[in-house]
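Examination of the molecular architecture
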Amino acid sequence: SQKIEQNSEALNIQEGKTATLTCNYTNYSPAYLQWYRQDPGRGPVFLLLIRENEKEKRKERLKVTFDTTLKQSLFHITASQPADSATYLCALSFSGGYNKLIFGAGTRLAVHP
Amino acid sequence: SQTIHQWPATLVQPVGSPLSLECTVEGTSNPNLYWYRQAAGRGLQLLFYSVGIGQISSEVPQNLSASRPQDRQFILSSKKLLLSDSGFYLCAWKVGDGVINSPLHFGNGTRLTVT
C-alpha cells in the first residue's frame, strides 16, 4: 500500500536559519506532490505544487525539490521567522488516482527568536 | 472569489447518536469535494470524495457515509456514532472537470468529540 513518511519529531530552529523538512514515499508513481501549512485548530493551507517531471520549485522564501528516484521531496524555508512556526504536510496524487490526495502526518516546525 | 463553509466548528455528541456535518462551497461550479479526518497528532485520512452530484467514492470502510445532494454541498453522516469517530473533520474542494494539478482548499474544520 502507499505510504508517505514525514519526520514525526518537531523541528526546532533559530530565526534566520533555513528549515528543511523531508517527505518520503513508497509504492507510488506520483503525478505531483504538494506542500501545505496547518496552524493549530485550522484547515491546511496550500503552499506549493511540484510535478513529477520537475526537479525544483520556488516561491518567495520557499523551495521544494522532488526526486522521484529517491522517492523524496525536500521543503525549504529560507530566512525563517517565528511566524513560520506551524505543521507542514506533504501530499501526493498518483497516476490513475488524480482526484485523490493522500497526506503525510506532517512535521511541526518551531522557529525561535 | 471562492469560499468554503463548514459547520459546526465544535460538536460534542454521545455514543450512539446520529451525526450530520455540512459543507458548502461558493464561487465555483462542479468542484471535487472531499471529507478528511484528522486524529490528534496524526495526518489527514481521506474518508470520501465526490466528482459530481450523487457520485461518492468511499476510501475507508467505517461507520460514516457521505452524500452530495447539490453541486456545491457535501454532507457527512452517521446513524450511530462510536467513540472512535472523535476527531477533526475537514471538508475541502478543488477544481473539478478533470483538472489534474489543482490544490485543495480546506474549510476550518469541525472538532467532534464523542462521549
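Since this is a predicted model, take the numbers as computed values, not measurements.

Further remarks concern the overall build of chain B. A count of helices and strands for chain B gives zero helices and 11 strands. Taken from N to C terminus, the helices and strands of chain B fall in the order β-β-β-β-β-β-β-β-β-β-β. For a compact globule of 115 residues, the expected C-alpha radius of gyration is about 13 Å, and chain B comes in at 14 Å, within 12% of that figure. With respect to the three principal axes, the spread of C-alpha positions in chain B is 40 × 25 × 20 Å. Buried positions account for 48% of the 115 residues belonging to chain B. Sequence-distant contacts in chain B: of pairs separated by 6 or more residues, those separated by 24 or more amount to 55%. A total accessible area of about 5,300 Å² is found for chain B, and carbon and sulfur atoms account for 52% of it. If you average the places of the 8 positive and of the 6 negative side-chain charges in chain B, the two averages end up 9 Å apart.

Where charged atoms of side chains with opposite charge meet at close range, the side chains can pair. This structure, assessed with the given rule, holds nine salt bridges over all chains. Here Arg58(A) and Glu56(A) are joined by a salt bridge, their closest N and O atoms 2.8 Å apart. Under the relative-accessibility criterion, Arg58(A) is labelled exposed at 57%. According to the relative accessible area criterion, Glu56(A) is partly exposed, its value standing at 38%. Two residues, Arg68(B) and Asp71(B), come together in a salt bridge whose shortest N-O distance is 3.2 Å. On the basis of relative accessibility, which here comes to 2%, the residue Arg68(B) falls in the buried class. Several salt bridges converge on common partners, so that one network encompasses Arg51(A), Glu54(A) and Lys57(A).

Below, the discussion takes up the interface of chain A and chain B. Counting from both sides, the interface comprises 20 residues of chain A and, opposite them, 23 residues of chain B. Roughly 1,700 Å² is buried in total at the junction of chain A and chain B, and carbon and sulfur atoms are behind 55% of that figure. Sorting the residues of chain A by area buried against chain B places Asn99(A), Lys100(A) and Phe103(A) first, and these three jointly supply 30% of that buried surface. Summed over the shared surface of chain A and chain B, the number is one salt bridge. For the interface between chain A and chain B, the tally reads five residue pairs in polar contact (both at pLDDT 80 or more). Contributions of two or more residues to the side of chain A that touches chain B are made by strand 4 (30–38), strand 5 (45–51) and strand 10 (102–103) of chain A. When residues of the side of chain A that touches chain B are assigned to their parent elements, the largest contribution, four residues, is made by strand 4 of chain A.

Basis of the calculations
Residues numbered from 1 in each chain as written. Chains lettered and ligands numbered in written order. Predicted model: local features only at pLDDT ≥ 70, side-chain atom pairs only at ≥ 80, totals over all residues. Heavy atoms only, no water. Helix = DSSP H or I, 4+ residues; strand = E, 2+ residues; numbered from the N terminus. Rg over C-alpha atoms; globule rule 2.2 N^0.38 Å. Buried < 20%, exposed > 50% of the residue type's maximum accessible area, 1.4 Å probe, protein only. Contact = heavy atoms within 4.5 Å. Areas by Shrake-Rupley, 256 points an atom, 1.4 Å probe, with all protein chains shown as cover. Lys, Arg positive; Asp, Glu negative; His and termini not counted. Charge placed at Lys NZ, Arg CZ, Asp CG, Glu CD. Salt bridge = Lys/Arg side-chain N within 4 Å of Asp/Glu carboxyl O. Buried area = accessible area lost by both parts, 1.4 Å probe. Polar contact = N/O pair within 3.5 Å; in protein donor to acceptor, adjacent residues only side chain to side chain.

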